[in-house]
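# Report on the structure
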Amino acid sequence: GTVYNETTEPKAPRHRPFGCTLRRLRGWRLPAKVVQAIFSFAAVVSEEIVDECNTCSGLYFFEFISCSAFLLSLLILCMYCTDLYETLGEDKVQKL
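Residues numbered from 1 in each chain as written. Predicted model: local features only at pLDDT ≥ 70, side-chain atom pairs only at ≥ 80, totals over all residues. Heavy atoms only, no water.

As recorded in an unreviewed UniProt entry, the chain goes by CKLF6 protein and comes from Thryothorus ludovicianus.

Structure follows, in C-alpha cells:
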C-alpha cells in the first residue's frame, strides 16, 4: 500500500478561471455595479458623439466625470470579483 491515504494527501487548490469569484458581490450588488459600469460607459460614448459646442467647459467637465465614473466602476468590479480582494486584504481595499 501507499504511505498516504486519500484523506491525508494535500489537495491541489482549485483555480477559478481568471480568479473570478462572486462571493463579495451577492444579491442586488453585482447587477447594480454592472448597470453602473454600463451607464457610465454610455455617458462616455454619448459625450464623444458631440461634434460642436458653444461653451465647452460643461462638456469637458462631463467628460471628466463620466470617464472617471467608468474607470472607478471597473476598478470596483475587478477588486470585488477577483482574488485581488483577498490578496490585498480587506483593510487596504477599504482604504483604497
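### Quick word on the state of the cysteines
Inclusion rule: By convention in this document, the label disulfide applies to cysteine sulfur atom pairs within 2.5 Å. A simple rule labels every residue: compare its accessible area, found with a 1.4 Å probe on the protein chains alone, to the largest value its type can have, and call it buried under 20%, exposed over 50%, or partly exposed in between.
Within the structure shown, the criterion is met by 1 disulfide. Cys-53 shares a disulfide with Cys-56; S-S distance 1.8 Å. Looking along the S-S bond of the Cys-53-Cys-56 disulfide, the torsion reads about 110 degrees, which is the right-handed sense. Residue Cys-53 is classed as partly exposed on the basis of its relative accessible area of 29%. Its relative accessible area of 21% is what places Cys-56 among the partly exposed residues. Lacking any disulfide linkage, Cys-78 is separated from the closest cysteine sulfur, that of Cys-81, by 8.1 Å. On the accessibility criterion, Cys-81 (12% relative accessible area) is buried.

### Here's the deal with the packing of aromatic side chains
Here is the rule we go by: For this analysis, a ring pair means two rings from Phe, Tyr or Trp (six-membered ring only for Trp) whose centres lie within 6.5 Å, classed as stacked if their planes differ by under 30 degrees, edge-to-face if by over 60, and tilted for the remaining angles. Only DSSP runs of H or I reaching four residues or more are called helices, and only runs of E reaching two or more are called strands; each is numbered from the N terminus. Criterion for a charge above a ring: Lys NZ or Arg CZ within 6 Å of the ring centre, and within 35 degrees of the ring normal.
Applying the stated criterion across every chain yields a total of 1 aromatic pair. An angle of 45 degrees between the planes, with centres 5.3 Å apart, marks the rings of Phe-41 and Phe-70 as tilted. One end of the pair, Phe-41, is in helix H1 (residues 29–49); the other, Phe-70, is in helix H2 (residues 57–81), and 29 residues separate them in sequence. Its end group placed over the ring of Tyr-80, Arg-29 keeps NZ or CZ at 6.0 Å from the ring centre.

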